[in-house]
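Understanding the architecture of this molecule
As a plain string of letters, each chain reads:
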Amino acid sequence: MRSSLGAVCALAVLATALSAGCQNAPGGVDENGRPAGQRTVTVSPSPIRTSGYGAVFLGIDECSSFGRTSFTEVSCTGERAAARVVARHDGTVRDGPRCPATTDFVLHISEQRPASDEDGDGAVPRGYACMRNLQPPHPGDPGGGGGPRTIVGDCVYGLPDGKVRETRCDGKSENRPGYRVTSAVEKRSECPASTVLYVQLGGSRPVGCARPA
């Protein structure tokens, strides 16, 4: 479908990885040095309102297409659909709820006040959408090497400055895995004796226990 019910333009990334990341380092980065799993967009909704997709911009279970410079809300049954919204929140990632563990990336939506919008009040609130690719790869899966969160099953590699970053556990990415997060606990003393690295995960069990991969 070619309805332009939610065109969005990509801006620079405004936030770091979602309350996650490896100890002594932020989350993974992409080939351009930007935080992995993060995309910032500006909403420019159409003045036409309909039911179904587009009635609420990037609502839960709605889909977006991918492009180098823009992301458009599209029908999930269309050939342009690439990712689905698994959670949607107003406000900022820093102050809002965390995305689901296997989120592949996050779309940050900048506040706009167009003449017409999805609910007719003249404003599209600032928020963020937690996205899951419709087809593999899924970098947010355990061992996937990306996504906005570091979770149990993920792997990391060491940097020359002593920091670590996430990488794929299967060894198929540029950086081979050095450690795997095997469990999540409330405090370091609860990690097993085989633990050689502590990884910051956030949430109710913020400490990841990692051992050689």
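Please read all numbers here as calculations on a predicted model, not as lab measurements. Counting starts from 1 at the beginning of each chain's written sequence and moves along it residue by residue. Only residues with pLDDT of 70 or above have their local features reported here, since the model is predicted, and side-chain atom pairs are shown and tallied only from 80 upward, although totals for entire chains, interfaces and linings are computed over all residues. Note that the side-chain values use all heavy atoms of the structure and ignore hydrogens as well as water.

The numbering of helices and of strands both runs from the N terminus, where a helix is a DSSP run of H or I of at least 4 residues and a strand a run of E of at least 2. A count of helices and strands for the chain gives zero helices and twelve strands. Ordered by position from N to C terminus, the α and β elements of the chain give β-β-β-β-β-β-β-β-β-β-β-β. In the chain, the proportion of contacts linking residues at least 24 apart, taken out of those at least 6 apart, comes to 57%. Of the roughly 11,000 Å² of accessible surface on the chain, a fraction of 48% belongs to carbon and sulfur atoms. Contacts are assigned to residue pairs with any non-hydrogen atoms lying within 4.5 Å of each other. Accessible surface area values rest on a Shrake-Rupley calculation with a 1.4 Å probe, where residue burial reflects the displayed protein chains alone.

A few words on the pairing of strand β8 (residues 155-158). Where β8 lies against strand β9 (residues 164-167), four bridges are found, and the strand directions are antiparallel. Paired with C155 across the two strands is T167, which belongs to β9. Here, any two strands with at least 2 DSSP bridges between them count as paired. Hairpin geometry of β8 and β9 is characterised by an intervening segment of five residues between the two adjacent antiparallel strands and by a positive phi of about 90° at G162. Bridging between β8 and strand β10 (residues 179-185) involves two bridges; their strand directions are antiparallel.

Glancing now at the sheet that holds β8. The sheet built from five strands is open, its strands ordered β9-β8-β10-β12-β11 with antiparallel pairing. Of all strands in the sheet, those bounded by a partner on one side alone are β9 and β11 (197-200). On average, each strand axis in the sheet is inclined to that of its neighbour by 40°, with strand direction left out of account. Axes here mean lines fitted to C-alpha atoms, for a helix over just the part in contact, with angles spanning 0 to 180 degrees between N-to-C directions.

We call a pair of cysteine sulfur atoms a disulfide whenever their separation is within 2.5 Å. Scanning the entire structure with this criterion turns up four disulfides. Paired by a disulfide, C63 and C76 hold their sulfur atoms 2.0 Å apart. Where C63 bonds to C76 through sulfur, the torsion about that S-S bond is close to 105°, and the disulfide is right-handed. Here the residue C63 occupies a position in strand β3 (residues 63-64), and C76 occupies one in the loop between β4 (70-74) and β5 (83-90), the gap between them amounting to 13 residues. Two residues share a disulfide in this structure: C155 and C169, whose sulfurs sit 2.0 Å from each other. The S-S bond linking C155 to C169 shows a torsion near 110°; that makes this disulfide right-handed. On the criterion of sequence distance, the pair formed by C155 in strand β8 and C169 in the loop between β9 and β10 is long-range, its members being 14 residues apart. By sequence-ordered numbering of the bonded cysteines, the chain has its disulfides arranged as 1-2, 3-4, 5-6, 7-8.

Let us look at the packing of aromatic side chains. Two rings from Phe, Tyr or Trp (for Trp, the six-membered ring) form a pair when their centres sit within 6.5 Å of each other. Planes less than 30 degrees apart are called stacked, planes more than 60 degrees apart edge-to-face, and all others tilted. Considering all chains together, one arrives at one aromatic pair under this definition. Taken together, a centroid distance of 5.1 Å and an interplanar angle of 65° make the contact between F66 and F105 edge-to-face. Here F66 is found in the loop between β3 and β4, whereas its partner F105 is found in strand β6 (residues 105-110), with 39 residues between them in sequence.

Right, let's talk about the confidence of the model for the chain for a bit. The predictor attaches a confidence to each residue, called pLDDT, with possible values from 0 through 100. When the pLDDT values of the chain are averaged, the result is 76; 65% of them are 70 or greater. Predicted confidence in the chain is weakest over strand β1 (residues 7-11), with a mean pLDDT of 33, and strongest over β10, with 97. Long-range and interchain partners of residues 1-35, a stretch whose pLDDT sits below 50, account for 108 contacts in this model, where long-range means more than four residues apart. Considering only residues more than four positions removed or in separate chains, one finds that residues 113-120, a stretch of pLDDT under 50, has 23 contacts.

In this section: the pattern of salt bridges. The term salt bridge refers to a side-chain nitrogen of Lys or Arg lying within 4 Å of a carboxyl oxygen of Asp or Glu. In the structure shown here, the tally under the stated rule is four salt bridges. For D90, the salt bridge is made with R88, and the minimal N-O distance between the two is 3.7 Å. Note on exposure labels: buried denotes an accessible area under 20% of the residue type's maximum, exposed denotes more than 50%, and partly exposed covers the range between, all computed with a 1.4 Å probe on protein chains only. R88 sits in the buried class, given a relative accessible area of 17%. Residue R132 is joined to D141 by a salt bridge in which the shortest nitrogen-to-oxygen separation is 2.7 Å. We classify D141 as partly exposed; its relative accessible area is 24%. Overlapping salt bridges bring together D104, R132 and D141 as one network.

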